[in-house]
Amino acid sequence: MAKVTFFPRLLLGIVVLLVLIVLHVIPLPILEVTILFVMIFRPLWFKNLVDQIYDQ
């Protein structure tokens, strides 16, 4: 499997955060639900993303 470089992952993360910020302006608790999901279930994709960001 080809390894994804750092910049596209960072760009994707920024885009996702910007979408969540825009949705946060609307009175829907999407950001809070996402944070709660990550805190409770600690998904592997989140750990991998953090590891890749701090590995650089």
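Before reading further, recall that the structure is shown in the block above.
Residues numbered from 1 in each chain as written. Predicted model: local features only at pLDDT ≥ 70, side-chain atom pairs only at ≥ 80, totals over all residues. Heavy atoms only, no water.

Is there a simple way to think about helix α2 (residues 30–41) in this case?
Structurally, the α-helix is built with 3.6 residues per turn, so residues lying three or four positions apart point the same way. An ideal rise of 1.5 Å per residue puts 16 Å on 12 residues; α2 measures up with 16 Å between its terminal C-alpha atoms. At the exit of α2 stands R42, carrying a positive phi of roughly 45°. (Helix = DSSP H or I, 4+ residues; strand = E, 2+ residues; numbered from the N terminus. Expected span 1.5 Å × (residues − 1).)

I would appreciate a short explanation of the layout of surface pockets in the present structure.
In this model, the largest pocket occupies a volume close to 490 Å³. Those elements that provide at least two residues to the lining of the largest pocket are α1 (6–25), α2 and α3 (44–55). Examining the composition of the lining of the largest pocket, we find that 8 residues originate from one element, α1, more than from any other. Residues belonging to the lining of the largest pocket are distributed by class as follows: 15 nonpolar, 2 polar and 1 charged. (1 Å grid on protein atoms, 1.4 Å probe; cavity = no way out; pocket = protein on both sides within 12 Å on 5 of 7 lines; lining within 4 Å. Points joined across faces, edges and corners; volume = space filled by probe spheres on them. Nonpolar A, V, L, I, M, F, W, Y, C, P; charged D, E, K, R; others polar.)

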